[in-house]
Amino acid sequence: MLTKQYKSYHNYEKAPVTSVAGEITTGFAAIAKKILAACEKEKTIVVLEAYPGVDRADLFALADALSPVCLIDADFCAFSKEKLADTWKEELTDDRVFGKMTTAKLSDYYESDAIEAARAQLDAVDTGVCVVAGTGASLIHPGDVTAYCDLSRWEIQLRWRAGGTNWRCDNPDDPQLTKYKRGFFIEWRLGDRLKQPLLKTIDFLIDTNKKGMPKMMNGDDFRAALKQIAHQPFRTVPYFDPGPWGGQWMKQICGLDQNEKNFAWSFDGVPEENSLLLKNGEDVMEIPAMNLVLNQPQALLGTRVYGRFGAEFPIRFDFLDTMDGGNLSLQVHPLTEYIQRTFGMHYTQDESYYLLDAEDDACVYLGIKTGTKPEEMIEALKAAQETGEPFDAERYVNRIPAKKHDHFLIPAGTVHCSGRNAMVLEISATPYIFTFKLYDWGRLGLDGRPRPIHIEHGEQVIQFDRTTDWVHENLVNAVRVLHEDEHLKAEHTGLHALEFLETTRFWFDAPFDLERNDSVSMLNLIEGEAAVVSSPTGAFEPFTVHYAETFIVPAGAGAYRIAPLHEGEHCAVIRAEVRG
Ligand SMILES: O=P(O)(O)OC[C@H]1O[C@](O)(CO)[C@@H](O)[C@@H]1O
């Protein structure tokens, strides 16, 4: 059977880079040489701090390249694997997906006598280079020279899939969900909390995303690069992943591996998970985009948004591709109170679906059908779960036809899912794993197991008063025209008043200017081949975006102008900001 061809410009950039001034050094030997050149004292302590998940072979190859007179493995000062597993029981829970967000810091999990012993070992050395390496190295000593060995979250996930383990854990065969839970609720939080102050002072930042091929930039250049990015438009590096309901659209439009059966998700605009590529000449290094959030929160987010969320990026753009695929699970997200009380999250997973493309039969399931009896629907869901018999979704949930450029708003508590044959640009609050699946259409996950269903959570948050008329009036194309002239139409498309994001769609065939609202802007070119984002005051270099690419304009970039790349081309962008 021939796969349908979708209209494509073949210009989606899968590996967007940002040019920066800092020199990039590649390979263990060259990196060691640079670090050693910074060791000015007769006795120098080099700290190689490592994000949880950095490959230990890489880390110690680097430590060895420094020919240390004394080498301390920081991981040995941490709690034993057994003690950690026991200590984290409450955060890890027995659930397949959900843990509880830790409020701890990494130093809570180190043995003070082991740290004292390590310090005594360092004190005993009179001359030469001593290296303290590993996660928590900077807890043992602040370092005369400090390098931070970093790793992106996507690479960590790929390593887990290939049999890698969590930090201080022997779990190569654990399901990916189990590894992810420990990463998401504990390791990444501890890692980021330790990293944030270090980013201000480290002498070097080392990218360890490619095993055996570390790359390094010196600390001042690295901080200058982050500052630069916080004042200009940029893109994060998207990643794409297959799924049980995945489709064929991204494969063509984003130029992905044609041999993959499907692609379901793409995170293109989730700084918490995506990376940045820094380029200097021919050299490129990868860093977690979270570094930018941690180091430049105010310039990136704006004072108002930073004041409200802290160093967290609250907006998420991602793709859900069901073109020639299947329905997403019928699902609901927790209300704010529920996510705070149950999972320790600050704010909840409010969502919206913007239809980038759709087949004639596309639909979105949204809200409860008027007249539904809550107990009856929950009983039917539970029965489907227990017996494997189908759940009659259309009896209880509104099935609403969906077409290109429709925008469906999904405040938490609203039962929903995209049906098949839709290409969704999800414009949502950042939390992304708090999905209570109610029904998964009787199919299995890619691992051959049924995916986790959480009716017992779902039934506590479903808003049964979001019925048919209310949904149509409030959640489907709630579009308000803000401005219209010959070359520009600006429309407010959402989100619902219960959600903290504001979305505006701009149709244009000539340049137009956007004022700022002290909020970071996240945008996507939803129509047209390409557009150019520029600064009316020349504050940054013009930046070209292509069809379907998500891009970020930091608050620090100031006012910006968007123009079609090809004069007169009919284009559109959708912009999300935090409501003022
Ligand atoms: O649970 P499914 O069927 O995979 O649905 C798609 C997923 O994508 C999200 O919209 C974003 O990650 C979640 O809400 C949801 O889990």
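Here, every reference points to the structure presented above.
Let me begin by describing the structure that accompanies this report. (Residues numbered from 1 in each chain as written. Predicted model: local features only at pLDDT ≥ 70, side-chain atom pairs only at ≥ 80, totals over all residues. Heavy atoms only, no water.)

Re the nonpolar core
And step 1. Core analysis: the largest hydrophobic core is formed by 180 residues, its most contacted members being I35, L48, W249 and F391.
And step 2. When near neighbours in sequence (up to four residues on either side) are disregarded, W249 contacts Y6, C254, D321, M323, L356, D357, M423, Y547 and A548.
And step 3. Grouped together as the second largest cluster of nonpolar side chains are 20 residues, F506, L525, V553 and Y560 included. (Core = buried A, V, L, I, M, F, W, Y, C linked by side-chain atoms within 4.5 Å. Buried < 20%, exposed > 50% of the residue type's maximum accessible area, 1.4 Å probe, protein only. Contact = heavy atoms within 4.5 Å.)

Some remarks on the sheet that holds strand β27 (residues 530-534)
And step 1. Strand order in this open sheet of 4 strands is β25-β30-β27-β28, and the pairing throughout is antiparallel. In this open sheet, the two strands that pair with only one neighbour each are β25 (512-514) and β28 (543-546). If you compare each strand with its neighbour and ignore which way they point, the axes differ by 30° on average.
And step 2. Two elements, β27 and strand β30 (residues 560-564), share 4 bridges in a ladder whose sense is antiparallel. Residue S534 lies in a different strand from β30, and its bridge partner there is R561. (Pairing = 2+ DSSP bridges. Helix = DSSP H or I, 4+ residues; strand = E, 2+ residues; numbered from the N terminus. Axes fitted to C-alpha atoms, helices over the stretch in contact; angles between N-to-C directions.)

Brief notes about the packing of aromatic side chains
And step 1. By the definition in use, this model includes 34 aromatic pairs.
And step 2. Both rings, one in W160 and one in W188, keep their centres 5.7 Å apart while their planes meet at 10°; by these two values the pair is stacked. Of this pair, W160 sits in helix α7 (residues 153-161) while W188 is found in helix α8 (residues 176-199), placing the two residues 28 residues apart along the sequence. Grouping residues by exposure puts W160 and W188 together as buried. (Phe/Tyr/Trp six-rings, centres within 6.5 Å; stacked < 30°, edge-to-face > 60°.)

A closer look at the pairing of strand β13 (residues 315-321)
One face of the sheet, then the other: side chains in a regular strand alternate in exactly this way.
And step 1. Among the 7 residues in β13, 7 count as buried, and that is most of the element.
And step 2. Burial along β13 is two-sided: the residues I315, F317, F319 and D321 and R316, D318 and L320 are all buried.
And step 3. Alignment of strand β10 (residues 265-267) against β13, held across 3 bridges, turns out to be antiparallel. Opposite F267, over in β13, you have D318 as the bridge partner.
And step 4. In this sheet, strand β20 (residues 422-429) lies alongside β13 in antiparallel orientation, the contact comprising 7 bridges. Paired with F319 across the strands is L425, a residue of β20.

Some words on α7
And step 1. Within α7, burial applies to R153, W154, I156, Q157, R159 and W160.
And step 2. On its buried side, α7 packs onto α8 and β9 (239-241).

Points about the sheet that holds β9
And step 1. Taken in spatial order, the 6 strands line up as β9-β10-β13-β20-β15-β18 in an open sheet, and their pairing is antiparallel. Two strands bound the open sheet, and with one partner strand each, they are β9 and β18 (407-410). Ignoring strand direction, the axes of neighbouring strands in this sheet form an average angle of 20°.
And step 2. Strand direction decides the pairing type here: β9 and β10, joined by 3 bridges, are antiparallel. The residue of β10 that forms the bridge with Y239 is F267.

Section: the site of the ligand
And step 1. Near the ligand, the surroundings consist of 15 residues, among which S329, E426, T435, K437 and R451 are the closest.
And step 2. Residue Q349 places a side-chain N or O atom 3.1 Å away from an oxygen atom belonging to the ligand.
And step 3. R451 has a polar side-chain atom sitting 2.8 Å from an oxygen atom of the ligand.
And step 4. A total of 370 Å² of accessible area belongs to the ligand in isolation, and the protein chains cover 95% of it.
And step 5. Taken together, the residues that form the shell around the ligand break down as 5 nonpolar, 5 polar and 5 charged. (Near = heavy atom within 4 Å. Polar contact = N/O pair within 3.5 Å; in protein donor to acceptor, adjacent residues only side chain to side chain. Areas by Shrake-Rupley, 256 points an atom, 1.4 Å probe, with all protein chains shown as cover. Nonpolar A, V, L, I, M, F, W, Y, C, P; charged D, E, K, R; others polar.)

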